[in-house]
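Structural features, examined
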Amino acid sequence: FMNKQQLAVVSALVGAGGNLGAVIAGFCFYKPIDHPLTPFKVHAAYVMFWALLSPLYYWPEHGGMFIGPKVAKTEEAKSAEIEQPAEASA
């Protein structure tokens, strides 16, 4: 779900955001904890929480993990998606 013309920019922002987010999370959430194993447990709970929410994500035009899209794409929309990358390179 991203603009294919801006792939490099999106990749750079996601990569930099992940690294910066990890540093911020480390200082804000894990550094104040004194017990050596508790930060790992907190992080595991955080990861499990968001992983278990993944099946609930749903977009009507794209569908979800187990359910297809609610709105069927028309032939015009499909042909416009196929032609779009060719227009971008021109």
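Residues numbered from 1 in each chain as written. Predicted model: local features only at pLDDT ≥ 70, side-chain atom pairs only at ≥ 80, totals over all residues. Heavy atoms only, no water.

**Here we look at the overall build of the protein**
Put simply, the rule is: Strands are runs of DSSP state E lasting at least 2 residues, helices are runs of H or I lasting at least 4, and numbering of each runs from the N terminus. Between buried and exposed lies partly exposed: a residue is buried under 20% and exposed over 50% of the maximum accessible area for its type, with that area taken using a 1.4 Å probe on protein chains only. All accessible-area figures derive from a Shrake-Rupley calculation using a 1.4 Å probe, and residue coverage is judged against the displayed protein chains alone.
The helix and strand inventory of the protein stands at three helices and two strands. Reading the secondary structure of the protein in the N-to-C direction produces α-α-β-β-α. Every one of the 90 residues in the protein was classed for burial, and the buried ones make up 2%. Of the roughly 7,800 Å² that the protein leaves accessible, carbon and sulfur atoms contribute 70%.

**Thoughts on the environment of isoleucine 33**
Stated precisely, the cut-off is as follows: In this analysis, two residues are considered to be in contact whenever any of their non-hydrogen atoms come within 4.5 Å of each other.
Locating isoleucine 33 in the fold gives a position in the loop between helix 1 (7–30) and helix 2 (38–53). Its relative accessible area of 26% is what places isoleucine 33 among the partly exposed residues. Apart from the residues lying within four places of it in its own chain, the contact partners of isoleucine 33 are Thr38, Pro39 and Val42.

**Remarks on the packing of aromatic side chains**
Put simply, the rule reads: Side-chain rings of Phe, Tyr and Trp (the six-membered ring for Trp) are treated as a pair once their centres are within 6.5 Å; stacked means planes under 30 degrees apart, edge-to-face means over 60, and tilted covers the remaining angles.
If you walk through the whole model with that rule in mind, you get three aromatic pairs. Here tyrosine 46 and tryptophan 50 contribute two aromatic rings whose centre-to-centre distance is 6.5 Å and whose plane-to-plane angle is 70°, an arrangement assigned as edge-to-face. You can see tyrosine 46 and its partner tryptophan 50 sitting in helix 2, four residues apart, about one turn around the helix. Each ring, one from tyrosine 57 and one from tryptophan 59, has its centre 6.4 Å from the other, and the planes form 55°; the classification is tilted. What makes tryptophan 59 partly exposed here is its relative accessible area of 37%. Through a chain of ring-to-ring contacts, the aromatic side chains of Tyr46, Phe49 and Trp50 assemble into a single cluster.

**Topic: a nonpolar patch on the surface**
Applied cut-off: In this scheme, patches are assembled from residues that exceed 30% relative accessible area and form no salt bridge. Like charges are connected within 9 Å, while nonpolar side chains (Val, Leu, Ile, Met, Phe, Trp, Tyr) are connected within 5 Å. Salt bridges are defined as contacts in which a side-chain nitrogen from Lys or Arg sits within 4 Å of a carboxyl oxygen from Asp or Glu.
Together, Tyr46, Val47, Phe49, Trp50, Tyr57 and Trp59 give the surface a local cluster of nonpolar side chains, amounting to about 640 Å² of exposed area. In terms of residues, the nonpolar patch owes the most to one element, helix 2, which gives four residues. Inspection of the secondary structure puts tyrosine 57 in the loop between helix 2 and strand 1 (58–59). Take tyrosine 57: its relative accessible area is 37%, and that puts it in the partly exposed class.

**Regarding the confidence of the model for the protein**
Spelled out, the test is: Each residue carries a pLDDT value, the predictor's own confidence for that position, ranging from 0 to 100.
Overall, the prediction assigns the protein a mean pLDDT of 81, with 77% of residues at 70 or greater. Across the protein, the secondary-structure element scoring lowest on mean pLDDT is helix 3 (residues 75–89), at 61, and the one scoring highest is helix 2, at 91.

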